[in-house]
Amino acid sequence: MMDLFSEIEEPEREELRSLRKELEEANYKYYVLNQPTLSDQEFDFKMHRLQDLEAMFPDMFDPKSPTQHVGSDLAVKGYGLPVTGKGFEQVKHKYPMLSLANSYSREEIEEWVRKLPSTAEIVCELKYDGLSISLWYEHGVLVKALTRGDGQQGDNVIDNIKTIPSVPWKIDRTDIPEFFELRGEVLLPWERFEALNKEREEQEEPLFANPRNAASGTLKLQDPREVARRGLDAYLYYMLGENLPGKTHFERLETAKEWGFHISDAIKVCHNVDEVMAYIAYWDTERKNLPVATDGIVLKVNNLAQQDELGYTAKTPRWAIAYKFPAEKQLTLLKEITYQVGRTGVVTPVANLEPVQLSGTMVQRATLHNEDFIKSLDIRPGDKVWVEKGGEIIPKIVGRADRNDEMSATASLNDGMMYSFPTTCPECGTPLVRVEGEAAWRCPNEAGCPPQIKGKMEHFVSRKAMNIDGLGEETIDLLYRQGLLHNIADIYDLKAEDIAAQERLGEKSAQNMIAGIEASKQVPWARVLFALGIRMVGETTAKKIAKKYNTIDTLMWATAEQLCAIEDVGPQIAENIVKYFEDIRNLEILDRLRKAGLQFEGEAEAEPTSDKLAGQTIVISGTFAHHSRDEYKAMIEAHGGKNSGSVSKKTSFILAGENMGPEKRKKAEDLGVKLMTEEEFLGLLGS
Ligand code: IVH
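Worth saying up front: this structure is predicted, and the values here are computed from it rather than measured. (Residues numbered from 1 in each chain as written. Predicted model: local features only at pLDDT ≥ 70, side-chain atom pairs only at ≥ 80, totals over all residues. Heavy atoms only, no water.)

**Concerning the overall build of the protein chain**
Working step 1: A count of helical and extended segments in the protein chain gives 25 helices and 22 strands.
Working step 2: Taking the principal axes of its C-alpha atoms as reference, the protein chain extends roughly 95 × 85 × 50 Å.
Working step 3: Burial analysis of the protein chain (687 residues in total) assigns 47% to the buried set.
Working step 4: Put simply, of all contacts in the protein chain between residues at least 6 apart along the chain, 67% involve residues at least 24 apart.
Working step 5: Accessible surface computed for the protein chain: about 34900 Å², of which carbon and sulfur atoms make up 50%.
Working step 6: The average position of the 84 basic charges and that of the 111 acidic charges among the side chains of the protein chain differ by 2 Å. (Helix = DSSP H or I, 4+ residues; strand = E, 2+ residues; numbered from the N terminus. Buried < 20%, exposed > 50% of the residue type's maximum accessible area, 1.4 Å probe, protein only. Contact = heavy atoms within 4.5 Å. Areas by Shrake-Rupley, 256 points an atom, 1.4 Å probe, with all protein chains shown as cover. Lys, Arg positive; Asp, Glu negative; His and termini not counted. Charge placed at Lys NZ, Arg CZ, Asp CG, Glu CD.)

**Quick word on the packing of helix H23 (residues 629–638) against helix H25 (residues 678–685)**
Working step 1: Between H23 and H25, the shortest axis-to-axis distance is 12 Å and the interhelical angle comes to 30 degrees. If you check the angle between H23 and H25, you find them roughly parallel. Helix-helix and strand crossings are classified by hand; for H23 and H25 the assignment is left-handed. Taken together, the residues of H25 that come into contact with H23 (itself represented by Tyr 632, Met 635 and Ile 636) are Glu 678, Phe 681, Leu 682 and Leu 685.
Working step 2: Here the residues of the contact of H23 with H25 sort into six nonpolar, no polar and one charged. (Axes fitted to C-alpha atoms, helices over the stretch in contact; angles between N-to-C directions. Parallel < 35°, antiparallel > 145°, perpendicular 65-115°, else oblique. Left-handed = near helix turned anticlockwise from the far one by under 90°. Nonpolar A, V, L, I, M, F, W, Y, C, P; charged D, E, K, R; others polar.)

**Some remarks on empty space enclosed by the protein**
To find leftover empty space, one rolls a probe the size of a water molecule over the atoms.
Working step 1: Under the counting rule described, the total for this entry stands at one cavity of 30 Å³ or more.
Working step 2: Around the largest cavity, the lining residues are Glu 125, Leu 126, Tyr 128, Tyr 235, Leu 236, Tyr 237, Ser 264 and Ile 267.
Working step 3: Elements represented by at least two residues in the lining of the largest cavity include exactly strand S3 (122–128) and strand S8 (233–240).
Working step 4: Taken together, the residues of the lining of the largest cavity break down into six nonpolar, one polar and one charged. (1 Å grid on protein atoms, 1.4 Å probe; cavity = no way out; pocket = protein on both sides within 12 Å on 5 of 7 lines; lining within 4 Å. Points joined across faces, edges and corners; volume = space filled by probe spheres on them.)

**A look at the sheet that holds strand S20 (residues 642–644)**
Working step 1: Sheet architecture is open: four strands sit in the order S20-S19-S21-S22, paired in parallel fashion. In this open sheet, the two edge strands, each paired with only one partner strand, are S20 and strand S22 (674–676). In this sheet, neighbouring strand axes are inclined to one another by 35 degrees on average, regardless of whether the strands run parallel or antiparallel.
Working step 2: Two strands pair when backbone bridges link them, and strand S19 (residues 617–621) and S20 are joined in this way by three bridges, in the parallel orientation. Paired with Ile 618 across the strands is Asn 643, a residue of S20. (Pairing = 2+ DSSP bridges.)

**A word on the pairing of strand S21 (residues 653–656)**
Regular strands place their side chains on alternate faces of the sheet.
Working step 1: Neither face of S21 is open: one carries Phe 653 and Leu 655, the other Ile 654 and Ala 656, and all of them are buried.
Working step 2: Judged from the four bridges that link them, S19 and S21 form a sheet pairing that is parallel. Residue pairing for S21: Ser 621 is matched across the bridge by Ala 656.
Working step 3: When S21 meets S22, the two strands line up parallel, connected through three bridges. Across the sheet, the residue bridging to Phe 653 is Lys 674, located in S22.
Working step 4: The parallel pair S21 and S22, bridged by helix H24 (residues 662–671), forms a crossover whose chirality is right-handed. (Right-handed = clockwise from strand over helix to strand, strands pointing away.)

**Focus on the site of the ligand**
Working step 1: Inspection of the region around the ligand gives 13 residues, with Glu 125, Leu 126, Tyr 128, Glu 185 and Lys 300 positioned closest.
Working step 2: At a separation of 3.3 Å, an oxygen atom of the ligand approaches a polar side-chain atom of Ser 132.
Working step 3: Here a nitrogen atom of the ligand and a side-chain polar atom of Lys 300 are 3.0 Å apart.
Working step 4: Burial of the ligand by the protein chains amounts to 90% of its free accessible area of 530 Å².
Working step 5: With four residues, the single largest contributor to the shell around the ligand is S3.
Working step 6: Its residues assigned to classes, the shell around the ligand comprises seven nonpolar, one polar and five charged. (Near = heavy atom within 4 Å. Polar contact = N/O pair within 3.5 Å; in protein donor to acceptor, adjacent residues only side chain to side chain.)

**Examining the pattern of salt bridges**
Working step 1: Within the structure shown, the criterion is met by 44 salt bridges.
Working step 2: For Arg 594, the salt bridge identified is with Asp 553, shortest N-O distance 2.8 Å. With a gap of 41 residues between them, Arg 594 in helix H22 (residues 584–596) and Asp 553 in helix H19 (residues 552–556) connect regions that are remote in the sequence.
Working step 3: Since its relative accessible area comes to 35%, Asp 553 is described here as partly exposed.
Working step 4: One salt-bridge network, held together by shared partners, links Lys 21, Glu 24, Glu 25 and Lys 162. (Salt bridge = Lys/Arg side-chain N within 4 Å of Asp/Glu carboxyl O.)

**Thoughts on the nonpolar core**
Working step 1: Phe 460, Tyr 492 and Leu 593 are the most contacted members of the largest nonpolar core, which totals 54 residues.
Working step 2: Breaking this core down by element, the ones donating at least two residues are helix H13 (450–461), helix H14 (473–481), helix H16 (507–519), helix H17 (525–531), helix H18 (539–548), H19, helix H21 (571–582) and H22.
Working step 3: With sequence-adjacent residues up to four places away left out, Tyr 492 is seen in contact with Phe 460, Met 466, Ile 468, Ile 517, Ser 520, Lys 521, Leu 593, Ala 596 and Leu 598.
Working step 4: With 37 residues, the next largest nonpolar core counts Leu 135, Tyr 137, Phe 208 and Ile 267 among its residues. (Core = buried A, V, L, I, M, F, W, Y, C linked by side-chain atoms within 4.5 Å.)

**Considering the packing of aromatic side chains**
Working step 1: A full pass over the atoms with the stated rule returns 20 aromatic pairs.
Working step 2: With 5.2 Å between their ring centres and 10 degrees between their planes, Tyr 137 and Phe 180 make a pair best called stacked. With Tyr 137 in strand S4 (residues 131–138) and Phe 180 in strand S7 (residues 179–187), the pair connects residues that are 43 residues apart, well separated along the chain. You'll find Tyr 137 and Phe 180 in the same group, each marked buried.
Working step 3: For the pair Tyr 632 and Phe 681, a centre-to-centre distance of 5.7 Å together with 75 degrees between the ring planes defines the contact as edge-to-face. Note that Tyr 632 is positioned in helix H23 and Phe 681 in helix H25, a separation of 49 residues in sequence. This pair shows no difference in class: Tyr 632 is buried, exactly as Phe 681 is.
Working step 4: Each member of the aromatic cluster is reached from another via a ring pair, and the members are Tyr 137, Phe 180, Trp 259 and Phe 261.
Working step 5: Just above the ring of Trp 136 sits the side chain of Lys 94; from NZ or CZ to the centre is 4.0 Å.
Working step 6: A cation over a ring is seen here: Lys 94 above Phe 179, with NZ or CZ 3.8 Å from the ring centre. (Phe/Tyr/Trp six-rings, centres within 6.5 Å; stacked < 30°, edge-to-face > 60°. Lys NZ or Arg CZ within 6 Å of the ring centre and 35° of its normal.)

**Considerations on unusual backbone geometry**
Working step 1: Non-glycine residue Met 536 carries a positive phi angle of around 70 degrees.
Working step 2: Topologically, Met 536 is positioned in the loop between H17 and H18.
Working step 3: Its relative accessible area of 46% is what places Met 536 among the partly exposed residues.
Working step 4: Phi at Asn 659 takes a positive value of approximately 50 degrees, unusual for a residue other than glycine.
Working step 5: Tracing the chain through its elements places Asn 659 in the loop between S21 and H24.

The following block contains the structure:
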């Protein structure tokens, strides 16, 4: 009897497990990736079926089941999928993740080829400049995505990898091995990298030096939604496992492509060094048109039996080698050294060069970093210097030609003239200071040095700060030069007629700007604090401080010690805050801002009571029976959601009451945005 029962039960238990997985994935795709895979109806149908099955098998109760959570909550902390707490699961690699030996010249490639069997074919591939990743597929399902780690074990970053559209979660085929691994490179495309850095600049966050660092930082994030937003990509280049199809590396990659994996089209089978060199020459130029960064070519023996024979050294395979492109460098004349003063007062020496073509762009300015750099290379105007662009955004000087070379004949004129860094600010004449332990010279005249003043204002009006529309970098510069703006408080004294009287600005810009300035008076206290531009007080730190000190009057009197008790505030930040409030000029500005009506106090931001609505944008429409609209708004925020006034593609759902506006209803229908009744909403929050 028992046996009979368990035989009947088994398929339903199996169905229960598989429904949990399916719904959990559907939630992830819906809430994290914003790419729904099931219609609402299908989703509800499956959810009900799961509820029925769970009722049938109470012994299979699981608090992490999709039936026990809603939406995004599940996506982040739910059943099986997501990242919980800090760090990632550490997993031992099935096969160690090795690196490649590097080569830089035809001779080195010839030497490598000489050691191969004479019949060996060589597969040439691009060497993608990102982070290696190992994807495990079991029964066609992606089950792990491991970083290289120390080569022996890596972090399982599967939730972040699942945000990459080209990585299949599941291969629906019967002709695949039970287990296989695909290795490849995770990259942040140039376009995404530039957009991300622009955003970070606006938010005063440190910039990523190159796409590789940006990809690495992104892959280690604990929030897959943010990872999805940044837009990683992956190229796969190596299949491993038992009983795999194909006798050559090339065939395996072709197979992987057929199975739906993202394999580069730039792969070529070569038969001799000439063909390899032609491939290198072609891609050294052509790679500049690719959407992602590459730093060389990888050469691999095609035949897998030959690969096995060649085997491995302790660190690298003998059957593969990398050829690194030379970083693009040019020798050019250093005409003059000028100095740029940044928003924080740091003085950077800039090389003004005889214009030179580099990585597709004309370069005439490059950074010389700091005084120590210039002195260590003994660089002087008139020298021929090496300028390099590499993966970085700003070109840099990396060396100097020998002064005795013919090319730098002009330099000899400068022989004997030692370089010296200016002692006063090139912008305002204030004596520069050099903080012990730092390489940079800094102008301490925060309130009187033009680039610092303008920089402070640019930061103040920026999107994440006061978000003043119509007042950008150029307008600030113009109004500063016209004597209308000297500091952030002056913004609130601007008159429409003064603005409209400017040559490049008209009536319309003036009205826009004044409206933007007026609206900024409602910006909450935490953002006002961020907008003040206290050194090292970024957006997140400002939020934390504002939560603890909910008025400026209490913050003003806080001691460094008290400030250090706030999460994220270290002694340096605390000292910067204390100093800021000790400066009488700042106090005067604050006084004027207060009179202008800025928010200098706020509700100590309520901690969300849950994150059930995290990542969701909700529109409220209509009239309600159980709570007022404001109460619902507060509820949404308390559960980590965002309120929005208009329906768009980004709307997660509409909390729809009686008499919902017809326009909103139509838009929701057009965009396929869900409507939720008051009761459903309260049910969702469990209240
Ligand atoms: S094959 C055992 N192919 O370069 C050989 N690696 O410097 C496995 N890389 O760790 C690597 N593009 O992260 C291979 N087409 C390509 C590659 C590639 C980039 C990276 C990979 C590796 C590193 C070695």
